[in-house]
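# Structural characterization, general
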Amino acid sequence: MSYLKPSFRHPDLPVNDLGYTKKNYEGAISTLCAGCGHDSISSAITQAIFELSIAPHNIAKMSGIGCSSKTPTYFLGNSHGFNSVHGRMPSVATGANMANRDMIYVGVSGDGDTASIGMGQFTHAVRRNVNMMYIVENNGCYGLTKGQDSATSDVGSKSKKGDPNPFEPIDLASIALQLGATFVARSFSGDKEQLIPLIKAAIAHQGFAFIDVVSPCVTFNNNPGSTKGYEYVRDHLAATGTVDFVPMKDEITTSYEAGTSQEVTLHDGSVVHLHKADSRLDIHSRRSALALIKDYKANDQLLTGLLYMDPDSQELHETIQSSNKPLRALTELDLCPGNKVLTSINASLR
Ligand SMILES: Cc1ncc(C[n+]2csc(CCOP(=O)(O)OP(=O)(O)O)c2C)c(N)n1
Ligand code: SF4
Ligand SMILES: [Mg+2]
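Residues numbered from 1 in each chain as written. Chains lettered and ligands numbered in written order. Predicted model: local features only at pLDDT ≥ 70, side-chain atom pairs only at ≥ 80, totals over all residues. Heavy atoms only, no water.

## Some remarks on the packing of helix H1 (residues 37-51) against helix H7 (residues 192-204)
Axis separation between H1 and H7 bottoms out at 9 Å; the angle between their running directions is 55°. Here H1 is positioned oblique relative to H7, judged by the angle of their axes. In this structure, H1 meets H7 at a crossing whose hand is right-handed. Side by side, H1 and H7 meet where Ser40, Ile41, Ser43, Ala44, Ile45, Gln47, Ala48, Ile49 and Glu51 of the first sit next to Lys192, Leu195, Ile196, Ile199, Lys200 and Ile203 of the second. Of the residues assigned to the contact of H1 with H7, the class counts are 9 nonpolar, 3 polar and 3 charged. (Axes fitted to C-alpha atoms, helices over the stretch in contact; angles between N-to-C directions. Helix = DSSP H or I, 4+ residues; strand = E, 2+ residues; numbered from the N terminus. Parallel < 35°, antiparallel > 145°, perpendicular 65-115°, else oblique. Left-handed = near helix turned anticlockwise from the far one by under 90°. Contact = heavy atoms within 4.5 Å. Nonpolar A, V, L, I, M, F, W, Y, C, P; charged D, E, K, R; others polar.)

## Focus: the site of ligand 2
Taken together, Leu32, Cys33, Cys36, His38, Cys67, Asn139, Gly143, Cys217, Val218, Thr219 and Phe220 make up the full set of residues near ligand 2. The class makeup of the residues in the shell around ligand 2 is 7 nonpolar, 4 polar and no charged. (Near = heavy atom within 4 Å.)

## Quick notes on helix H6 (residues 172-179)
Given 3.6 residues per helical turn, the α-helix brings residues three or four places apart onto the same face. All of the buried residues in H6 are Leu172, Ala173, Ser174, Ala176 and Leu177. Of the residues trailing H6, Gly180 is marked for its positive phi of about 100°. (Buried < 20%, exposed > 50% of the residue type's maximum accessible area, 1.4 Å probe, protein only.)

## So, the pattern of salt bridges
Close approach of charged atoms allows side chains with opposite charge to pair. In this structure the tally under the stated criterion is 8 salt bridges. Where Lys297 meets Asp154, a salt bridge forms, and the shortest distance between an N and an O atom there is 2.7 Å. Note that Lys297 is positioned in helix H9 (residues 286-298) and Asp154 in the loop between strand E6 (148-149) and H6, a separation of 143 residues in sequence. On the accessibility criterion, Lys297 (45% relative accessible area) is partly exposed. Connected via shared salt-bridge partners are Asp154, Lys228 and Lys297. (Salt bridge = Lys/Arg side-chain N within 4 Å of Asp/Glu carboxyl O.)

## Quick word on the sheet that holds strand E12 (residues 271-276)
One open sheet holds the 3 strands; their spatial order is E10-E12-E11, and the pairing between them is antiparallel. Two strands lie at the open edges of the sheet, namely strand E10 (241-246) and strand E11 (261-265), each paired on one side alone. Taken over all neighbouring pairs, the strand axes of this sheet differ in orientation by 15° on average, direction set aside. Pairing between E11 and E12: 5 bridges, direction antiparallel. The residue bridging Glu263 from the neighbouring strand is His273, located in E12. Strands E10 and E12 of the sheet are contacted by H7, whose axis makes an angle of about 50° with E10. (Pairing = 2+ DSSP bridges.)

## Description of the coordination of the magnesium ion (ligand 3)
At 2.1 to 2.2 Å from the magnesium ion (ligand 3) lie its protein donor atoms, namely Asp111 (OD), Asn139 (OD1) and Cys141 (O). All donor residues of the magnesium ion (ligand 3) come from one chain, and their arrangement in sequence is D-x27-N-x1-C. Of this pair, Asp111 sits in helix H4 (residues 111-115) while Asn139 sits in the loop between strand E4 (132-138) and strand E5 (141-142), placing them 28 residues apart in sequence. On the basis of relative accessibility, which here comes to 4%, the residue Asn139 falls in the buried class. (Donors = N, O, S within 2.8 Å, 3.2 Å for Na, K, Ca; no water.)

## Topic: a nonpolar patch on the surface
Nonpolar side chains collect at one region of the surface, where Val341, Leu342, Ile345 and Leu349 lie side by side and expose about 350 Å² of accessible area between them. Relative to the helices and strands, Ile345 is located in helix H12 (residues 339-349). (Patch = residues over 30% accessible without salt bridge, like charges linked within 9 Å, V, L, I, M, F, W, Y side chains within 5 Å. Areas by Shrake-Rupley, 256 points an atom, 1.4 Å probe, with all protein chains shown as cover.)

## Digging into the site of ligand 1
Inspection of the region around ligand 1 gives 17 residues, with Cys67, Ser68, Asp111, Gly112 and Asp113 positioned closest. Here His38 contributes a side-chain N or O atom positioned 2.9 Å from an oxygen atom of ligand 1. At a separation of 2.9 Å, an oxygen atom of ligand 1 approaches a polar backbone atom of Cys141. In the complex, the protein chains occlude 74% of the 590 Å² of accessible area that ligand 1 would expose alone. For the shell around ligand 1, the secondary structure elements donating two or more residues are helix H2 (67-70), H4 and E5. If you tally residues by element for the shell around ligand 1, the top one is H4, at 3 residues. Grouping the amino acids of the shell around ligand 1 by side-chain chemistry returns 6 nonpolar, 9 polar and 2 charged. (Polar contact = N/O pair within 3.5 Å; in protein donor to acceptor, adjacent residues only side chain to side chain.)

## Observations concerning the side chain of Arg186
Here Arg186 shows up in strand E7 (residues 183-188). When its relative accessible area of 4% is taken as the criterion, Arg186 is described as buried. Engagement of the side chain of Arg186 in a polar contact is seen with the side chain of Asp171, the distance being 3.1 Å. A distance of 3.3 Å separates a polar side-chain atom of Arg186 from the backbone oxygen of Leu303. Not counting chain neighbours up to four residues away, the residues in contact with Arg186 comprise Asp171, Ala173, Gln194, Leu198, Asp212, Ile293, Leu302, Leu303, Thr304, Gly305 and Leu307.

## Let's talk about the pairing of strand E3 (residues 104-110)
Across the 7 residues that make up E3, a large majority, 6, are buried. The pairing of strand E1 (residues 59-63) with E3 spans 5 bridges and is parallel. By the bridge assignment, Ile59 is partnered in E3 with Ile104. Bridge count for E3 against E4 is 5 bridges, and the pairing is parallel. When the bridges of E4 are listed, Ser109 appears paired with Val136.

## Remarks on the pairing of E11
Of the two faces of E11, the one lined by Gln262 and Val264 is fully buried and the one lined by Ser261, Glu263 and Thr265 carries no buried residue. Count of turn residues in the E11/E12 antiparallel hairpin: 5 residues, of which Gly269 carries a positive phi of about 95°.

Note that every value here comes from positions in space, so none of it alone points to a role or purpose.
Have a look at this one:
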């Protein structure tokens, strides 16, 4: 069930380049538990897309099943959306993207939805470099079904039920790097300053942009002994650095100190500035990202920020050389080459 928000607004609310206020990018009132990390991620997505001045009707929100997958109801209420089956969002998003390449795809999933039932689907969306942003709202448990350990729960981590998890976790950022994801980042729902520019960069990126966002479940996995609770995560955070995203239309005025910064220009001309906190990180090297994730983990630290980016990424439509025109816009005339061409094709097959 969702509740309606009042439609009135203060006349002085700031507007973006399209003349829309942030209200135009909000969704229904959230029915998640008060304090759930997922609500902070919804708010970061709303803010990022409002600031990017993307028309809401150009966005398609895709999700699976879980508290995390419910969240698209709570942001971008004027956008398209498809709440699919548990773990099946990647294939539904791939199909939608193939049919209409002109939309911007925002995928939201959970650690259960992606790292267990949807793992097979996830791997193929990464491998194919589907042009979408894919966010996993990672709380280390199945929140919607009352907090069972998920595949991203750390070994020894205790949820509210109290038993330590006996299994090694799946690190989704490392898996995405190994499978060839062309944009990989990690963040924390409680760090909007880091998350908003990462979302903007992920949307501007051409190809599969993966963000693993640790997002505490306050009801089932926020107790002492849990490695996905607010207190633990805040005490064990480390960042690759800070990220600034400068859209193509904005003039770049700031200058950055050499050696500590790296600048990446994306296909559309927008620029990502990474002010590195660890000089060992080479943003264009998968090996460097994988090694650093491991190093920090060995010191009980969670490495967040931008981890890897391929600015020359070739997204799925380019790879398979599909029509530039969205399939849904093709007419009979576009699809039928005419008698003359058909006769020559038939002749070539005789
Ligand atoms: C095919 C199928 N199997 C199992 C379920 C039950 N189920 C619903 S949500 C969920 C797990 C959700 O966990 P996660 O994706 O981490 O989302 P969260 O609620 O933690 O945000 C499960 C197992 C289901 N809905 N469909
Ligand atoms: S059960 Fe957990 S994940 Fe689900 S809404 Fe509540 S706090 Fe969030
Ligand atoms: Mg979960």
